[in-house]
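For reference, the chains in residue letters:
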Amino acid sequence: MDERYSTPMEHNNPMEPHTTVALWDGDELTLWTSTQGVHPARATLAPILEVEQEKIRIISPHVGGGFGSKGLPHADMMLAALAAQAVPGRPVKYAVTRQQMFSITGYRAPTLQHIRLGARADGTLTAFAYDAISMSSQTKEFPEESTKPGRMMYAGDNRRLTQRVVPLDVPVPSWMRAPGEASGMVGLEIAMDELAVAAGLDPIELRVRNDPTTDPDTGLPFNQRRLVDCLREGADRFGWEERNPQPRARRENGWFIGMGVASATYPAGRQPGSVARIRRTTEGFEVSIGAADLGTGTWTVMSQTAADALGVPIGQVDLRIGDTALPNATVAGGSTGLASWSTAIVSAAQELRSEHGADPAIGAEAHGEAEANPAAEKFALHSFGAHFAEVRIRPTTGEIRLDRMFGMFSAGRIVNPSTARSQLIGGMTMGVGMALHEKGELDPRFGHVVNHDLAEYHVPVNADITDIEADWLDEKDPQAGPLGARGVGEIGIVGAAAAIANAAFNATGVRVRDLPIFGDAFLPT
């Protein structure tokens, strides 16, 4: 196999644009803003403004979506702070417009991927080469490392991976949900589907035959590699046995119907440095940590974690987050929030019980800090999953519709099924956008995105998502931390677009290697 794949420029579009209100009181600055990390944002802004960190307070209890775009400070924070210096004692608001977001708040850089696979007749890989190129800015380098999942996804002794970054006069790229993995698994999982067709194998069976026992990149054992379980159980739940491997074999009411599958993976990381404080109050326990809730359910899950660790009803927990006046917390990014912040909260609860007993006095308090996960030196820490998609395509017009989609995941212990399901389905929905809708059109003369609004930059809406569901294996990961839980915010998007592209091939026999998939790909040339 020797093929090339590409993914386009894609843009974060949270419902709440980036907005900041700044107020100077003497030499002290307060910012009310929308950020995925109040403490990391303060650490970035302080040296630029030449102000001590302790003199900056950032307040962000709620974040109206982010998807990575609010992981780093952008123009709104800086411009609001500078403008407010001109009118001391008066607040200044700067709101980034929807159009401005396409230039100054980050985006997913486009990628070109050249993948070559060599395999025996039984489909087992003998050679794997993955060469990727991504675009970055002359101003600041941010690589979209699409080769990351290729390092550890499948077995094979002979391997070569290269990642190159081309600096151009374009806006600065940044984080977008599962940076690297989301784009990288597009090429890899379509290539695996192509190999399955060439070898005459079921795509699931091909992946099972190339499932490694240890991490091909590091040689370390995996914490829990249950990709095969996700593929097998997901296939049963989805009805994979009804799939006809012959393209164009299923036609209903003038539509070609096809099914596709793709694997998913994402690192199971934990950031050190978060600190939690728990204080006994007259009404229960005040739990403070400067974490962020992007709409992911942090308020709920952290309250649950604290209640469980303290052994009290959740109604006795008063959770306080999103403020630099609270103890330090790492950024909500890389699907590390739950693992990082919960470790600090559990540690603080244990310390409180150890120092003050089962019934602490009013005012008693304790602190706990999340340290680096020692298991990271002994295990390759990853989550896995499998996406299944069914599409229908009208051959006369090329119109493509997603009929149904199902994801089965291995993500350790699921603390809150409602919020976890929401996050997984949200990621899968963004994968639908990758596959069928999203593409930033760059004016080559000026490096300017011309379709810079939601009228011309299309994202999935309710009418595009008819039947989508996610589930997970019942498990607990002892290497992941005190909860045994791994993050779910990003693994839902990884592989989702490839599953839809593979389903389109099964429906029509047309192999689309460049996203997004538009109807003209299926029309006669």
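Conventions we followed
Residues numbered from 1 in each chain as written. Predicted model: local features only at pLDDT ≥ 70, side-chain atom pairs only at ≥ 80, totals over all residues. Heavy atoms only, no water. Helix = DSSP H or I, 4+ residues; strand = E, 2+ residues; numbered from the N terminus. Rg over C-alpha atoms; globule rule 2.2 N^0.38 Å. Buried < 20%, exposed > 50% of the residue type's maximum accessible area, 1.4 Å probe, protein only. Contact = heavy atoms within 4.5 Å. Areas by Shrake-Rupley, 256 points an atom, 1.4 Å probe, with all protein chains shown as cover. Lys, Arg positive; Asp, Glu negative; His and termini not counted. Charge placed at Lys NZ, Arg CZ, Asp CG, Glu CD. Pairing = 2+ DSSP bridges. Axes fitted to C-alpha atoms, helices over the stretch in contact; angles between N-to-C directions. Right-handed = clockwise from strand over helix to strand, strands pointing away. Salt bridge = Lys/Arg side-chain N within 4 Å of Asp/Glu carboxyl O. Patch = residues over 30% accessible without salt bridge, like charges linked within 9 Å, V, L, I, M, F, W, Y side chains within 5 Å. Phe/Tyr/Trp six-rings, centres within 6.5 Å; stacked < 30°, edge-to-face > 60°. Lys NZ or Arg CZ within 6 Å of the ring centre and 35° of its normal. Polar contact = N/O pair within 3.5 Å; in protein donor to acceptor, adjacent residues only side chain to side chain.

Colleague: Just to check I follow, could you spell out the overall build of the chain for this structure?
Modeller: Looking only at helices and strands, the chain has ten helices and 19 strands in total. Here the C-alpha atoms of the chain give a radius of gyration of 24 Å, agreeing with the 24 Å that 2.2 N^0.38 yields for 525 residues. Across the 525 residues of the chain, 57% fall into the buried class. Of all intrachain contacts in the chain linking residues separated by at least 6 positions in sequence, the fraction that spans at least 24 positions is 78%. If you sum the accessible surface of the chain, you get close to 20800 Å²; carbon and sulfur atoms cover 50% of it. Distance from the positive charge centre (47 side chains) to the negative charge centre (64 side chains) of the chain: 3 Å.

Colleague: Sorry, what's going on with the sheet that holds strand β10 (residues 255–267) here?
Modeller: By definition, the strands of a sheet pair up through backbone hydrogen bonds, in either a parallel or an antiparallel sense. Strand order in this open sheet of five strands is β9-β10-β15-β16-β19, and the pairing throughout is mixed. A strand with exactly one partner marks an edge of an open sheet, and here the two such strands are β9 (251–252) and β19 (468–472). Note that β10 and strand β15 (residues 382–393) share twelve bridges and pair antiparallel. Following the sheet pairing, Val-261 is matched in β15 by Phe-388. With respect to the sheet, helix α10 (residues 496–508) is in contact with β10, β15 and β16 (400–410), its orientation differing from that of β10 by roughly 155°.

Colleague: Would you mind showing me how to read the pairing of strand β12 (residues 285–288) here?
Modeller: Successive side chains on a regular strand alternate, one facing one side of the sheet and the next facing the other. The alternating pattern of β12 places Phe-285 and Val-287 and Glu-286 and Ser-288 on opposite faces, both of which are buried. In this sheet, β12 lies alongside strand β11 (residues 275–280) in antiparallel orientation, the contact comprising four bridges. When the sheet's bridge partners are listed, Arg-277 is paired in β12 with Ser-288. Adjacent in sequence and paired antiparallel, β11 and β12 are bridged by four residues, among which Gly-284 carries a positive phi angle near 150°. In this structure, β12 lies alongside strand β13 (residues 317–320), joined through four bridges in parallel fashion. Bridging from a neighbouring strand, Val-287 pairs with Leu-319 of β13. Once you follow β12 into helix α7 (residues 298–310) and on to β13, the crossover reads as right-handed.

Colleague: How do you make sense of unusual backbone geometry when you look at a structure like this?
Modeller: One can expect most non-glycine residues to show negative phi and most peptide bonds to be in trans. Residue Pro-516 is reached from Leu-515 by a cis peptide bond, and omega for that bond is -5°. Within the fold, Pro-516 resides in the segment after α10. The residue Phe-67 is not glycine, and still its phi comes out positive at about 60°. The topology assignment puts Phe-67 in the loop between β4 (56–59) and α2 (75–85). Among the residues examined, Phe-67 registers a relative accessible area of 30% and is labelled partly exposed.

Colleague: Whenever I open this one, the pattern of salt bridges confuses me. Can you help?
Modeller: Pairs may arise between side chains of opposite charge once their charged atoms sit close together. If you walk through the whole model with that rule in mind, you get 36 salt bridges. Linking Arg-226 and Glu-475 is a salt bridge whose minimum nitrogen-to-oxygen distance equals 3.0 Å. Residue Arg-226 is found in the loop between α5 (203–209) and α6 (227–238), and its partner Glu-475 is found in the loop between β19 and α10; the two are separated by 249 residues along the sequence. With a relative accessible area of 10%, Glu-475 lands in the buried category. The salt bridge involving Arg-237 is made with Asp-471; its shortest N-O contact spans 3.0 Å. In this pair, Arg-237 sits in helix α6 while Asp-471 sits in strand β19, placing the two residues 234 residues apart along the sequence. A relative accessible area of 44% means that Arg-237 is categorised as partly exposed. Exposure remark for Asp-471: the relative accessible area of 21% places this residue in the partly exposed category. Here the salt bridges share partners, and the residues they tie into one network are Arg-277, Arg-279, Glu-286, Asp-318, Arg-320 and Glu-365.

Colleague: Just checking my understanding: could you explain a negative patch on the surface for this structure?
Modeller: Where like charges cluster on the molecular surface, the negative patch consists of Glu-233, Asp-236, Glu-241 and Glu-242. With respect to the helices and strands, Glu-242 occurs in the loop between α6 and β9. Judged by relative accessible area, Glu-242 falls into the exposed class, the value being 59%.

Colleague: How do you make sense of the packing of aromatic side chains when you look at a structure like this?
Modeller: Given two aromatic rings, one states the distance between the centres and the angle between the planes to describe the pair. By the definition in use, this model includes five aromatic pairs. Considering the side-chain rings of Phe-128 and Tyr-130, the 6.2 Å spacing of their centres and the 75° angle between planes classify their relative orientation as edge-to-face. Here the basic side chain of Arg-225 rests over the ring of Phe-222, its NZ or CZ set 4.9 Å away from the ring centre. A cation sits over an aromatic face here: Arg-404 above Phe-238, 3.9 Å from the ring centre.

Colleague: Mind showing me how you'd approach the environment of Gln-224 here?
Modeller: Inspection of the secondary structure puts Gln-224 in the loop between α5 and α6. Considered as a pair, Gln-224 and Ala-268 are 44 residues apart in the sequence and their alpha carbons are 10 Å apart. Excluding residues that lie within four positions of it along the chain, Gln-224 makes contacts with His-382, Phe-384, Glu-475, Lys-476, Asp-477, Pro-478 and Arg-486. Among the polar contacts listed, one links the side chain of Gln-224 to the backbone oxygen of Lys-476, at a separation of 3.1 Å.

Colleague: I keep staring at the side chain of Ser-340 and nothing clicks. Help me out?
Modeller: Relative to the assigned elements, Ser-340 resides in helix α8 (residues 337–356). A polar contact is formed between the side chain of Ser-340 and the backbone oxygen of Thr-336, at a distance of 2.7 Å. Not counting residues up to four positions away in its chain, the partners in contact with Ser-340 are Arg-270, Gln-271, Ser-274, Thr-330 and Ala-370.

Colleague: Help me out: how do you make sense of the sheet that holds strand β5 (residues 92–95) in this one?
Modeller: Judged by pairing direction, the sheet is mixed, and its four strands sit side by side in the order β4-β3-β2-β5 without closing on themselves. On the outer flanks of this sheet lie β4 and β5, each paired with one strand and no other. Ignoring which end each strand starts from, the neighbouring axes of this sheet average 20° apart. Relative to β4, strand β3 (residues 28–33) runs parallel, the two sharing four bridges. Its bridge partner being in β4, Leu-31 is matched across the sheet by Ile-58. The strands touched by helix α1 (residues 38–49) are β3 and β4; relative to β4, the strand with the most contacts, the crossing angle is about 145°. Here α2 sits on the sheet and contacts β2 (19–25), β3 and β5; the angle it forms with β2, its principal contact strand, is near 35°.

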